[in-house]
Amino acid sequence: DGGARGVRVRVEGLGPGEALVDLGSAAAAKRLLAEAGRSEGLSLPLAEEEAARETLYRLGTLSHVTRSLAAANTVRPDGTRGGAANPDARVSMVRVVASFAADARYCNMLRIAIQPLVAMLSAGGAEATVHVARAVTSLSGAEPNRDALRDAGALPRMAELLLHDEEAVQQAAVQCVANLGVEASDAKAFLAAGWHLSLISLLSASSAEVQGAAAAVLGNLSSVPEFRDALLSDGALQPILQLLHTSALPARTAAVRALAIMSQQLMSPSLPADDAGAAAFVDAFFAADALPTLLAALGDERPREGVDGGTADREAVAVLLLLQSLSGGHGGVRPRLVAGGAVEALLRFLPAAARYDKGTSTGEMVDAAASTLASLALAAAAPPRIEQAGGVPTLLRLVESKKPAAVAPAARVLANLLRDEPPAGLPEAVAPALVQALSTAKPSAVVDLLSALSHVHGVCRNAFGGAVLAQLAAGLLKAVQDKENHEACLASISLLSQLALRPEARAALAEAGLAPALRESAAAGWRCTELLLGILSAEEAAPQASRRSSCSDPSPHASVAHAAPAPPALHQPAAPHPNGAGFASPPAPPQYHSPPPAAAPFAPPPPAAAVAPPPVYTRLPTPPSAGAKRDVLSRVAYQPEPPEPPPQYQPPPPQQQYYQPQQPPQPPQPQLQPQPQLQPQPQLQP
């Protein structure tokens, strides 16, 4: 009749008539029916009532049923089972246990029933299997029961039920497998038994909870390349992508997590750039319009009203991990993420997440968001969008927050912005904040800060000066002295090598006491610190005006350019050359000597005009292969190979002239005595 003590339960099959048992007399009825072996028949309808379960528990009904169930599954030496061997009685007991297991108040009190329940999964009959699967799934929802279920072998037996004919059993099985958790080592068994096919079909189940469980199991197993390839070939990617648009937060979170795990493998640099699986994953991701859904999941403020905080955090972490994998640079996804608004969404998310201090999950979210932004900053279109969205002030606030999870990735973003030609004033704006953060940073953030400071110094040396330089020297001293942080020590030495090239920086480093710390490292056998000590001990160089060759050209063409005569010298008087070709010589060419007195006579050169025309460059006869074009320097400094000597010496034409650079006109030469035959002279080399 609905009263607190008026719950009336109809119990049939007690004899010729029916009995109406009042809840207040349940103990008496239980004792009465126990003598006839029908206590389970009364307990079953009562156990399905939430109000009745508390009374049954106080009366010891739950303990009686679990002991009877354990005894019913005990096999005697003669092969018979102990306790109630009636199959109907066993089904009734399982239904009672399943009802109590679904109640959070008693779920942790049924550990004694785990062994008999798992044994009945394979030998309990078709009707009992449905209720056993429901009971085991309910027990797996409690963390204290999971180890006992794994030890009893519940995971493989529940996985076998993924192929059961009844959909209810399949749904219970996938939820139990998801609760117990699978590892990469289980992927081979799932592939061999075909259980993954049932999981793919359950992605389209009517229950969002079942969909999320299937996505979670597939995501955990997809870390194995063979299993991931099987999922892609069997069409599992599209159903998982469709779950991103579901309104059920747990199912959506499981789908995002599965995609994040798959992307970690598909977007790995270990795969070739043209990997077919990675290309298919990226194309399907953007075709499903998944990016706006993921960015909307980040939200502006946390926690969000009306949503379970823990589940919302898990979804945000999964979204950020997926974006971080996609932005890794493999497959050319960065430009598409930037065009889709990922930069602006991350810049809106970072300040809110940093303010929402909730322990480890917040640190993971901030680290993942800033790391993703650092990767996106390497795209060509990202720096202008970061600047337009006010990203630099946001990043500086994160650097100044002194939170390791925020300082290190924010410094990476600034370091990636300081490349090529950064915006004017950016190095000077970020240098003080980075130097200040270095003095108070945790060891995990020192390397990122030193990398950003090296970038600042590389694009703008003037960003460090005065008090900032002194503070930087103190921070570098601290990094050098931290021998446990080997990477930070090496990064600090790299920056010190750059700073040591400036006299004012050497003075600041000496004042900070870097030399003793470096000597200690040099004594340990560090060659780099020994070289750095040598630079630090250098005296200040003389002013630029008194330095010799301060503007010398170190290029390889400098010697050629300096060796060539000045252009005005090309218009000086010229004298004939014995071989009939004009050439330009270096400033101090070897002098041509006339033949001995027996040589054939030739006329002295005519007097030169005041301004002689430019010399005419004629090419000596050369083989066809030597007819390549030559530039001005080649014609000035290049001496072609001499031709074959003619049989008889031919004097040069009267119009051909040559000159000896920087030499005054020669006086007329005396007549030389004729010579019957003149031997050809060798080609002179400048």
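Starting from 1, residues in each chain are numbered consecutively following that chain's sequence as written. In view of the model being predicted, local features appear only for residues whose pLDDT reaches at least 70, and side-chain atom pairs are presented and counted only at 80 or more, with totals across whole chains, interfaces and linings using the full set of residues. With hydrogens and water stripped out, all remaining heavy atoms of the structure feed into the side-chain values.

A.B. asks: Where do I start with the overall build of the protein in this structure?
C.D. replies: Helical segments are the DSSP runs of H or I of at least four residues, strand segments are the runs of E of at least two, and each set is numbered from the N terminus. When its secondary structure is counted, the protein shows 34 helices and 2 strands. Note on definitions: a residue-residue contact is assigned when non-hydrogen atoms from the two residues lie within 4.5 Å. Here the analysis covers contacts within the protein between residues at least 6 apart in sequence; of these, 69% occur between residues at least 24 apart. Residue-level accessible areas treat just the shown protein chains as cover; the underlying method is Shrake-Rupley with a 1.4 Å probe. Approximately 35,100 Å² of the protein is accessible, and the part contributed by carbon and sulfur atoms is 55%.

A.B. asks: Can you help me understand the packing of helix H7 (residues 126–140) against helix H10 (residues 167–180) in this one?
C.D. replies: Pairs of packed helices are described in terms of their axes, by the angle between the two and the distance that separates them. It is the contact of H7 with H10, at a shortest axis distance of 9 Å, that shows an interaxial angle of 25°. Between H7 and H10, the angle is such that the two are roughly parallel. Regarding H7 and H10, the two cross each other, and that crossing is left-handed. For the pair H7 and H10, contact is made by Val130, Ala133, Val136, Thr137 and Ser140 and by Val169, Ala172, Ala173, Gln175, Cys176, Asn179 and Leu180, respectively. Ten residues, namely Ala, Val, Leu, Ile, Met, Phe, Trp, Tyr, Cys and Pro, are considered nonpolar, four, namely Asp, Glu, Lys and Arg, are considered charged, and the remaining ones, Gly among them, are considered polar. A breakdown of the residues in the contact of H7 with H10 according to their chemical character gives 8 nonpolar, 4 polar and no charged. With axes taken as lines fitted to C-alpha atoms, and helix axes fitted only over the stretch in contact, angles between N-to-C directions fall between 0 and 180 degrees. Angles below 35 degrees are treated as roughly parallel, those above 145 as roughly antiparallel, those between 65 and 115 as roughly perpendicular, and all remaining angles as oblique. Take the far helix as the reference: if the near one is turned anticlockwise from it by less than a right angle, the crossing is left-handed, and if turned clockwise, right-handed.

A.B. asks: I tried to follow the state of the cysteines on my own but got confused; where do I start?
C.D. replies: Disulfide assignment relies on a single distance test, namely cysteine sulfur atoms paired within 2.5 Å. Taken as a whole, this structure holds 0 disulfides when the rule is applied. Left unpaired, Cys528 is separated from the closest cysteine sulfur, that of Cys489, by 7.5 Å.

A.B. asks: For this particular structure, what's the right way to read the nonpolar core?
C.D. replies: Looking at soluble globular proteins, one finds that nonpolar side chains tend to be buried together. Judged by nonpolar contacts, the single largest core of 181 residues is most densely connected at Leu117, Phe190 and Leu434. When neighbours within four sequence positions are excluded, Leu434 is seen to be in contact with Val399, Ala411, Leu414, Leu449, Ala452, Leu453 and Val456. Among buried residues, the Ala, Val, Leu, Ile, Met, Phe, Trp, Tyr and Cys ones that are joined through side-chain atoms within 4.5 Å form a nonpolar core. Three exposure classes are used, based on accessible area relative to the maximum for each residue type with a 1.4 Å probe and protein chains only: buried under 20%, partly exposed in between, and exposed over 50%.

A.B. asks: Quick question: what am I supposed to make of the packing of helix H4 (residues 61–72) against helix H5 (residues 87–101) here?
C.D. replies: At their nearest, the axes of H4 and H5 sit 10 Å apart, and the two run at 135° to each other. Overall, the two elements H4 and H5 adopt an arrangement that is oblique. Between H4 and H5 lies a crossing of left-handed hand. On H5, the residues that touch Leu62, Val65, Thr66, Ser68, Leu69 and Ala72 of H4 are Arg90, Met93, Val94, Val96, Val97 and Phe100. Looking at the contact of H4 with H5 residue by residue, the class counts come to 9 nonpolar, 2 polar and 1 charged.

A.B. asks: Help me out: how do you make sense of the environment of Asp275 in this one?
C.D. replies: Position of Asp275 among the secondary structure elements: in the loop between helix H16 (249–266) and helix H17 (276–287). A C-alpha to C-alpha distance of 8.6 Å links Asp275 and Gly331, two positions 56 residues apart in sequence. Definition of a polar contact: a pair of N or O atoms within 3.5 Å, with one able to donate and the other able to accept a hydrogen when the atoms are protein atoms, and with sequence-neighbouring residues admitted only if both atoms are side-chain atoms. In this structure the side chain of Asp275 is engaged in a polar contact, spanning 3.2 Å, whose partner is the backbone nitrogen of Gly277.

A.B. asks: Before we go on, may I ask you to explain unusual backbone geometry in this structure?
C.D. replies: Both trends apply: most residues other than glycine have a negative phi, and most peptide bonds are in trans. Positioned with a positive phi, Asp289 is a non-glycine residue whose angle comes to about 55°. Its location among the elements puts Asp289 in the loop between H17 and helix H18 (290–298). For Asp289, a relative accessible area of 46% translates into the label partly exposed. In this structure, Asp420 is a non-glycine residue whose phi angle is positive, near 55°. Within the element layout of this structure, Asp420 appears in the loop between helix H25 (404–417) and helix H26 (426–440). Residue classification places Asp420 among the exposed positions, given a relative accessible area of 69%.

A.B. asks: Any chance you could explain the packing of aromatic side chains here in plain terms?
C.D. replies: Where two aromatic rings form a pair, the distance of their centres and the angle of their planes describe that pair. Two aromatic rings from Phe, Tyr or Trp, using only the six-membered ring of Trp, form a pair when their centres are within 6.5 Å; if the ring planes differ by under 30 degrees the pair is stacked, by over 60 it is edge-to-face, and anything between is tilted. For the structure on display, the rule yields 4 aromatic pairs. Measuring from centroid to centroid gives 5.2 Å for Phe285 and Phe286, while their planes differ by 90°, and the two rings are edge-to-face. According to the relative accessible area criterion, Phe285 is buried, its value standing at 1%. Directly above the aromatic system of Phe286 lies the positively charged group of Arg336, at a separation of 4.1 Å from the ring centroid. Whether a charge lies above a ring is judged from NZ of Lys or CZ of Arg, which has to be within 6 Å of the ring centre and within 35 degrees of the ring normal.

A.B. asks: What exactly am I supposed to notice about the pattern of salt bridges here?
C.D. replies: When the charged atoms of two side chains lie near each other, side chains of opposite charge can form a pair. Here, a salt bridge means any side-chain nitrogen of Lys or Arg that lies within 4 Å of a carboxyl oxygen of Asp or Glu. Counting across every chain of the model gives 13 salt bridges. Across the salt bridge formed by Asp147 and Arg150, the nearest N and O atoms sit 2.9 Å from each other. Taken as a pair, Asp147 and Arg150 lie in helix H8 (residues 143–151) at a separation of 3 residues, close to a single helical turn. By relative accessible area, which is 36% here, Arg150 ends up partly exposed. One salt bridge connects Arg412 with Asp448, and the closest N-O pair in it is separated by 3.1 Å. With a gap of 36 residues between them, Arg412 in helix H25 and Asp448 in helix H27 (residues 443–459) connect regions that are remote in the sequence. Judged by relative accessible area, Arg412 falls into the partly exposed class, the value being 28%. A relative accessible area of 14% places Asp448 in the buried class.

A.B. asks: Just to check I follow, could you spell out the environment of Arg146 for this structure?
C.D. replies: Here Arg146 is to be found in helix H8. Spatially, the C-alpha atoms of Arg146 and Val136 are 10.0 Å apart, while their sequence positions differ by 10 residues. The residues contacting Arg146, other than those within four sequence positions of it, are Ser140, Gly141, Asn179 and Leu180.

A.B. asks: Sorry if this is basic, but what is going on with helix H32 (residues 527–536) here?
C.D. replies: Think of an α-helix as turning once every 3.6 residues; residues three or four places apart then point the same way. The set of residues buried in H32 consists of Thr529, Leu532, Leu533 and Leu536. One face of H32 carries all of its buried residues, which in axial projection span an arc of 105°. Buried residues in H32 make contact with helix H29 (486–499), helix H30 (503–512) and helix H31 (514–523). What the arc covers is the set of directions going from the helix axis to the C-beta atoms.

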